[in-house]
Amino acid sequence: MNTPVHRRCFALLLVAACLGGHAGAATLADFQTKAARSNTVLVLPDYPLTPEGLRTRADNAIKTADSALAALAAQDPAMLTFDGTFARFDAITSAVATCANQISTVAESHPDKAMRDAAREVEVKLESWSITLEYREDIYRVLKTFADTKPKLDSQQQRLMDIALRDYRRAGLTLPPVERQQVEQLRKRLSELEQQFSVNINEARAPLDFTLEELAGVPQTFLASPGVKQADGRYRVMPQVTWHTVAISENADNPETRRVVNIVRNQLAREKNIPVLAKLV
C-alpha cells in the first residue's frame, strides 16, 4: 500500500516537548520530517476536553465510518479493487481505532472522575460497534468477492487481506444465524465485563509508604515528585500508577520493597474483580 501508516508516536512528541524550549533544539516539524522518511505520519493528538466532547467524538467517528462502509458495500462487484475493498476497509476502521485509543488514554489517566467515567462509557460503545461490524454480511460479501478473484498482491497487501478474512472466520460469521447472534451477544457481554474489570483496577488506591532507606537506589527525580514525600518524612508509592511501579521495580536496591510493590499492584481491586473474573470465565 502506498498510503502512509498513521501512528501516534508519544515518545517522540515527549522529546519534542522537552526540547522545544531550548534554542536550536529540535521542533515538532523536525520530527515530522524524520517520521516521513519511514512512511509515518506524526501528528499531535487532539483530545476531547469534556464528557460531552468524548461522546460527540465517538458518535462522529461511528457516523463517518458507517457512511464510508455503506459506500464500500454498495460497489459494483465487477469493479472491485484492492484499494476499494481491503485498503479502504482498513482506513475506515483505523480511524475509529485512533478515536478509541485517544478515549482509552482519557479513561486511564484523566484526573477528573467524570471524564474517566464518560470515557469508559464511550469505550463500551465503540467496542460494541466494532463487534457488530464483524457480523456485517454486506461488508464481508464485498471483501470475499474480491478475494475470490485471486488478485495478484504484494506481500503486505496479501497479509492485510488474509488477516481481515481470518478475523471474520474467528468471529463466527460462517455459523448459522442463530448461533452467530449468540456469539455476537456473548462477545458484547464480555466486552462490558472487561471494561468493568479495568475500571475497578483503574479506580483502586493502595498507597504504600517507605522510608528513605527502603527506597535506596530509587532516582531522586522520583523522590522529589509531587505527592511522593509525606509530612512524616516517608515516601509514598502508588502501585496503581505505572511509572511509580517501574521506578521501584527497576531501581530499588531492597528486594523486599520491590516485592511488596509488585504484590500490591497485582492485587489491586482483587475483592471487586474476582466476581467479575468468574463471569468472564
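Residues numbered from 1 in each chain as written. Predicted model: local features only at pLDDT ≥ 70, side-chain atom pairs only at ≥ 80, totals over all residues. Heavy atoms only, no water.

For the rest of this paragraph, the subject is the side chain of T40. Secondary-structure assignment places T40 in strand β2 (residues 40-41). Within polar-contact distance, the side chain of T40 engages the backbone oxygen of S38 at 3.2 Å. (Helix = DSSP H or I, 4+ residues; strand = E, 2+ residues; numbered from the N terminus. Polar contact = N/O pair within 3.5 Å; in protein donor to acceptor, adjacent residues only side chain to side chain.)

By the definition in use, this model includes five aromatic pairs. Ring plane angle 55° and centroid distance 5.0 Å describe the contact between Y140 and Y168, whose orientation is recorded as tilted. One end of the pair, Y140, is in helix α6 (residues 137-147); the other, Y168, is in helix α7 (residues 155-171), with 28 residues separating them in the sequence. With respect to class, Y140 is no different from Y168; both count as buried. (Phe/Tyr/Trp six-rings, centres within 6.5 Å; stacked < 30°, edge-to-face > 60°. Buried < 20%, exposed > 50% of the residue type's maximum accessible area, 1.4 Å probe, protein only.)

When two helices pack together, their arrangement is given by the angle between the helix axes and by the axis-to-axis distance. At a minimum axis separation of 9 Å, helix α3 (residues 51-73) and α6 run at an interaxial angle of 50°. Classified by the angle their axes make, α3 and α6 are oblique. Of the two possible hands of crossing, α3 and α6 adopt the one that is left-handed. In this structure, α3 uses L69, L72 and A73 to contact α6, whose residues at the interface are D138, I139 and V142. (Axes fitted to C-alpha atoms, helices over the stretch in contact; angles between N-to-C directions. Parallel < 35°, antiparallel > 145°, perpendicular 65-115°, else oblique. Left-handed = near helix turned anticlockwise from the far one by under 90°. Contact = heavy atoms within 4.5 Å.)

To continue, consider the pattern of salt bridges. Taken as a whole and judged by the stated rule, the model has 17 salt bridges. A salt bridge links R180 to E137, with the shortest nitrogen-to-oxygen separation between them at 2.8 Å. Of this pair, R180 sits in helix α8 (residues 177-203) while E137 sits in helix α6, placing them 43 residues apart in sequence. With a closest N to O distance of 3.3 Å, R189 and E192 form a salt bridge. Here the residue R189 and the residue E192 both occupy positions in helix α8, the gap between them amounting to three residues, near one helical turn. On the accessibility criterion, R189 (39% relative accessible area) is partly exposed. (Salt bridge = Lys/Arg side-chain N within 4 Å of Asp/Glu carboxyl O.)

Once that is clear, we can look at unusual backbone geometry. The backbone of N39 shows a phi angle near 60°, a positive value even though the residue is not glycine. Mapped onto the fold, N39 is located in the loop between α2 (28-37) and β2. For N39, a relative accessible area of 38% gives the class partly exposed. Phi angles above zero are rare outside glycine, and A269 is one such case at about 60°. A269 sits in the buried class, given a relative accessible area of 14%.

Along the polypeptide, I103 turns up in helix α4 (residues 83-109). On the basis of relative accessible area, I103 is assigned to the buried category, the value being 1%. Dropping the residues within four chain positions of it, I103 is found in contact with L54, A58, A119, V122, E123 and L126.

For α3, which comprises 23 residues, the first-to-last C-alpha distance of 33 Å matches the rise-based estimate of 33 Å (1.5 Å per residue) to within 8%. Along α3, the positions that sit buried rather than exposed are L54, A58, A61, I62, A65, L69 and L72. Contacts made by the buried residues of α3 are with α4, α5 (113-133) and α6. (Expected span 1.5 Å × (residues − 1).)

Before going further, it helps to examine the nonpolar core. One broad trend across soluble globular proteins is that nonpolar side chains are buried collectively. Ranked by internal contacts, the top residues of the largest apolar core, which has 40 residues, are L54, F86, F89, I103, L126 and I139. At nine residues, the largest contribution of residues to this core is made by α4. If you look at the next biggest cluster of nonpolar residues, it comprises 14 residues, including F210, V228, I248 and V261. (Core = buried A, V, L, I, M, F, W, Y, C linked by side-chain atoms within 4.5 Å.)

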